[in-house]
Amino acid sequence: MAFVFENNFLGIKSGSTFFSLQDYCKDKEEAFYIYDLDGIENRFNFFKNGFSGSKNKVRIHYAMKANSHPLILKKLKSLGAHVDVVSLGEIKLAMKNDFLAEDIVFSGVGKSKKELTEALKLGVYQINVESTAELTRIGEIAKQLGVKAQVGVRFNPDVNPETHPYITTGFRENKFGMDFSEISNLDKIKQQFSEHIVLKGMSIHIGSQIRDNSSFIDALEKTLKHFKLIKNNPNWDLQSLDIGGGLGINYDNPDVETDLPLITEYTAKLTEVLNTIEADIICEPGRVIVGRFGCLLSKVEYIKQNEYKNFAILNTGMHHIMRPCLYKAHHNILAVDNNERKNILYDVVGPICESSDVLGFKRI
């Protein structure tokens, strides 16, 4: 199934059958999303198969922050995916949609006592910690509960990828992860809670919407030097390496096939580097799995024109799609019909009482 123009109308094509989105929109008063679950399935399988040359076990933990729609979660679970979450709410949503506690890696920089307590009670697969303070908190809660916390430690490889500054997460100036110099402090906390903390993994994540694979390789090679040293550290039971996610898509080109060479290069190069160690590999793709396969449908409520600008005012906006407002990100904006229009430029805006509620500037 795919989104295509046929007979001048945007629609969904499955095999030889075409469904016009104009027909879907006729009776809809509110904006809505439509998703291509077949496309998501094909993309997930393509990504997963890219690691077929790995000598290590590779666990694909879909990053739920990319899209947590229940039908998407159920589809990915049926394909053998696990999940990466950043809140107790996401844990509950994942488990409501067929995932088990053992499918869940719990990430995030600001986990509360309540969230950590519930995660430890449930027995999630791994909690990725971001600071020595968080590891201490986990040790204290695990001791109170009488359980062993399965912990991965997120390190910051000090790599600055070519992406928007708001979504870089692996540079020394970012709030995420720890420096490798913190290892001795982690050892002390482990010794303090020796019966209740298992330091089972290392984790990295350098950012989102990255389309230059050299950044991933640079971060991984820096991390592997420390991984091999920590393997011999008696305070650690090092079993896994979480290589994060962040592989992006090209929003300027609507052709879903254009992502495939980048995915192939990503999985092949990472597999080559990762085959130099023995570990369970965790990978956290998000946007690259689902970003191509959704469409936000909206209607124009008003055309507003003055001597300075033309506005197309929609019944959707920053409350449904934040990226253009937050990152000045570009998204394609198409009419459901492909008929010729006057060559007039519009700022496509939403109904929210914020001047930043703009989906696109100067669009036809």
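Predicted model, so just to flag it, every value in this text is computed and none were measured. (Residues numbered from 1 in each chain as written. Predicted model: local features only at pLDDT ≥ 70, side-chain atom pairs only at ≥ 80, totals over all residues. Heavy atoms only, no water.)

## Description of the overall build of the protein chain
Within the protein chain, the regular secondary structure consists of 11 helices and 17 strands. For 364 residues, the compact-globule estimate of 2.2 N^0.38 gives 21 Å, and the C-alpha radius of gyration of the protein chain, at 23 Å, lies within 12% of that figure. Principal-axis analysis of the C-alpha atoms places the extent of the protein chain at approximately 70 × 45 × 35 Å. Per-residue burial over the protein chain gives 49% buried out of 364 residues. A sequence separation of at least 24 residues applies to 66% of the contacts in the protein chain between residues at least 6 apart. Averaging the locations of the 44 positively and 46 negatively charged side chains of the protein chain gives two centres separated by 3 Å. (Helix = DSSP H or I, 4+ residues; strand = E, 2+ residues; numbered from the N terminus. Rg over C-alpha atoms; globule rule 2.2 N^0.38 Å. Buried < 20%, exposed > 50% of the residue type's maximum accessible area, 1.4 Å probe, protein only. Contact = heavy atoms within 4.5 Å. Lys, Arg positive; Asp, Glu negative; His and termini not counted. Charge placed at Lys NZ, Arg CZ, Asp CG, Glu CD.)

## Quick notes on empty space enclosed by the protein
By the definition in use, this model includes 1 cavity of 30 Å³ or more. Computed from the structure, the largest cavity encloses a volume of approximately 60 Å³. As for the largest cavity, its lining consists of I204, H205, I206, F216, A219, L220, I243, G245, Y266 and L270. Looking at the lining of the largest cavity, the elements that each hand over two or more residues are α8 (213-230) and α9 (260-274). Per-element accounting of the lining of the largest cavity gives the leading share, 3 residues, to α8. Along the lines of polarity and charge, the residues of the lining of the largest cavity split into 8 nonpolar, 2 polar and no charged. (1 Å grid on protein atoms, 1.4 Å probe; cavity = no way out; pocket = protein on both sides within 12 Å on 5 of 7 lines; lining within 4 Å. Points joined across faces, edges and corners; volume = space filled by probe spheres on them. Nonpolar A, V, L, I, M, F, W, Y, C, P; charged D, E, K, R; others polar.)

## Quick notes on the pairing of strand β9 (residues 149-154)
The element β9 is extensively covered by neighbouring structure, given that 5 of its 6 residues are classed as buried. Where strand β8 (residues 126-129) meets β9, 3 bridges bridge the pair, whose relative direction is parallel. In the sheet register, N128 faces β9, and the bridge partner there is G152. Of the crossover connections in this fold, the one passing from β8 over helix α6 (residues 132-145) to the parallel β9 is right-handed. Across 6 bridges, the pairing between β9 and strand β10 (residues 197-203) is parallel. Bridging from a neighbouring strand, V153 pairs with M202 of β10. (Pairing = 2+ DSSP bridges. Right-handed = clockwise from strand over helix to strand, strands pointing away.)

## Some thoughts on the environment of T258
Within the secondary structure layout, T258 lies in the loop between β11 (240-242) and α9. Among the residues examined, T258 registers a relative accessible area of 26% and is labelled partly exposed. As for T258 and K57, which are separated by 201 residues in sequence, their C-alpha atoms are 28 Å apart. Those residues within four positions of T258 in sequence are excluded, and the remaining contacts are N253 and R292. A distance of 2.7 Å separates a polar atom in the side chain of T258 from the backbone oxygen of D255. Within the local environment of T258, its side chain forms a polar contact with the side chain of R292, the two groups lying 3.2 Å apart. (Polar contact = N/O pair within 3.5 Å; in protein donor to acceptor, adjacent residues only side chain to side chain.)

## Quick look at the sheet that holds strand β7 (residues 104-106)
Pairing between the strands of a sheet is mediated by backbone hydrogen bonds and can be parallel or antiparallel. Read once around its circumference, the closed barrel built from 8 strands follows the order β5-β6-β7-β8-β9-β10-β11-β12, with strand pairing classed as parallel. Pairwise comparison of adjacent strand axes, ignoring direction, gives a mean angle of 30 degrees for this sheet. Pairing of strand β5 (residues 58-63) with strand β12 (residues 280-283) involves 3 bridges; the strand directions are parallel. The residue of β12 that forms the bridge with V58 is I281. (Axes fitted to C-alpha atoms, helices over the stretch in contact; angles between N-to-C directions.)

## Describing the sheet that holds strand β14 (residues 300-305)
Spatially, 4 strands are ordered β14-β15-β16-β17 in an open sheet, and the strand pairing comes out mixed. With partners counted over all chains shown, the strands left at the sheet margins are β14 and β17 (358-363), one partner each. Strand-to-strand twist in this sheet, taken as the mean axis angle between neighbours without regard to direction, amounts to 15 degrees. Alignment of strand β15 (residues 310-314) against strand β16 (residues 346-349), held across 3 bridges, turns out to be parallel. The residue bridging A312 from the neighbouring strand is V348, located in β16.

## Section: helix α7 (residues 183-192)
Three or more residues of α7 are buried, namely I183, L186, D187, I189 and K190. End-on, the buried residues of α7 take up no more than an arc of 165 degrees, which puts them together on one face. Projecting away from the buried face of α7 at angles above 90 degrees are the exposed residues K188 and Q192. The secondary structure elements touched by the buried residues of α7 are α6, β9, β10 and α8. (Arc of directions from axis to C-beta.)

## Focus on the environment of K57
Position of K57 among the secondary structure elements: in the loop between α2 (37-49) and β5. Judged by its relative accessible area of 51%, K57 falls in the exposed class. For the pair K57 and A279, spaced 222 residues apart in sequence, the C-alpha separation works out to 7.4 Å.

## A short note on unusual backbone geometry
Although it is not a glycine, D98 adopts a positive phi angle of roughly 90 degrees. On the secondary structure map, D98 appears in the loop between α4 (88-96) and β7.

## Observations concerning the side chain of E90
In this fold, E90 is placed in helix α4. It is K65 that comes nearest to the buried, bridge-free E90 among opposite-charge side chains, at 6.3 Å. Here the side chain of E90 touches V86 through a polar contact of 2.8 Å, landing on its backbone nitrogen. Those residues in contact with E90, other than ones at most four positions away along the chain, are M64, K65, D84 and V85. (Salt bridge = Lys/Arg side-chain N within 4 Å of Asp/Glu carboxyl O.)

Spatial relationships are all this shows, so hold off on functional conclusions.
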